[in-house]
Amino acid sequence: MDVDYDRIAAGYDAHRRSAGPYMAPIIELARRCAAQNILELGAGTGNCTAALLAAHPARVTALDRSAGMLRQARKKRLHMRMAQADAAALPFGNSVFDFLLAVYLIHHVPSLDGLMSESYRVLDQGFAVFVTASHSFIVHHPMNRYFPSFAAVDLARFPHEDAVAEAIRHAGFLDVACTVVRGQPRPVDAAYAEQVAAKFISTYELIPPREFAEGLSRLRRDVEKDGVLDFTITLESVIIHGRR
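The rules behind each value
- Residues numbered from 1 in each chain as written.
- Predicted model: local features only at pLDDT ≥ 70, side-chain atom pairs only at ≥ 80, totals over all residues.
- Heavy atoms only, no water.
- Helix = DSSP H or I, 4+ residues; strand = E, 2+ residues; numbered from the N terminus.
- Rg over C-alpha atoms; globule rule 2.2 N^0.38 Å.
- Buried < 20%, exposed > 50% of the residue type's maximum accessible area, 1.4 Å probe, protein only.
- Contact = heavy atoms within 4.5 Å.
- Areas by Shrake-Rupley, 256 points an atom, 1.4 Å probe, with all protein chains shown as cover.
- Lys, Arg positive; Asp, Glu negative; His and termini not counted.
- Charge placed at Lys NZ, Arg CZ, Asp CG, Glu CD.
- Arc of directions from axis to C-beta.

**Some points on the overall build of the protein chain**
(1) Moving on: Counting its regular elements, the protein chain contains 11 helices and nine strands.
(2) Moving on: Relative to the globule expectation of 18 Å for 244 residues, the C-alpha radius of gyration of the protein chain, 18 Å, shows essentially globular dimensions.
(3) Moving on: Here the C-alpha coordinates of the protein chain stretch approximately 55 × 35 × 30 Å along the principal axes.
(4) Moving on: Across the 244 residues that make up the protein chain, the buried fraction comes to 54%.
(5) Moving on: Counting contacts in the protein chain only where the partners sit at least 6 residues apart, residues at least 24 apart contribute 76% of the total.
(6) Moving on: When the accessible surface of the protein chain is totalled, it reaches about 11300 Å², and 51% of it is carbon and sulfur.
(7) Moving on: Taking the average location of the 27 positive side-chain charges in the protein chain and that of its 27 negative ones, the two points are 5 Å from each other.

What follows is the structure, encoded as structure tokens:
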């Protein structure tokens, strides 16, 4: 089942207004290769684009398959070019960009090899950087206790980080490296429960409706009873990059 990002774009943007802890390493890599012409795949509503431009001004092309997500990005009035296209069939010539990033995109692309081949083709030099979720993070995510199919949904979508690294190498990238980054722990409270209710991550769009309703009801009851639950949520991301 696909997620309809045109339909959920406004709500998605309302509940995900900032980039994550992966941006600092991405910006460092962009600076290391003095990137001036950057392509962001799966740019969504522009949160990562905004963080990148604020720290590393450059020419940025923000690409996304969803017209709705790009409409939300346009409202931010960022200095960037936008392109509606599929990341597996990039509408650009060879050797155009000197940096490429894709944050939580690869689980939406049917072929890792196709994505990496296209990424290699459009880069002239510099780094290609992909951010994803580790299987360990998915399996141990605290929301598994409320939504029994949470891990199954994401394990079926997200390729293992080792497979991502191998696909990057197979495309021809050099010096492939993998880094785990973690954000600050955040409490599971009423505000978090309302983000879950708004399905602020696409996983919740794919959980069966009855299971989601029951899990959300239990989460809200627990939060109402205790105020703040006795566990936290810490975003963990895997950054995998290679050099052209």
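Okay, back to it.
**Details of helix α5 (residues 112-122)**
(1) Moving on: For α5, the complete set of buried residues consists of L112, L115, M116, E118, S119 and V122. Down the axis of α5, the buried side of the element spans an arc of 160°, and every buried residue falls inside it.
(2) Moving on: Looking at the buried side of α5, the elements it contacts are β1 (37-41), β4 (97-103), β5 (123-132) and α8 (161-171).

On their own, these measurements won't tell you what the molecule is for.
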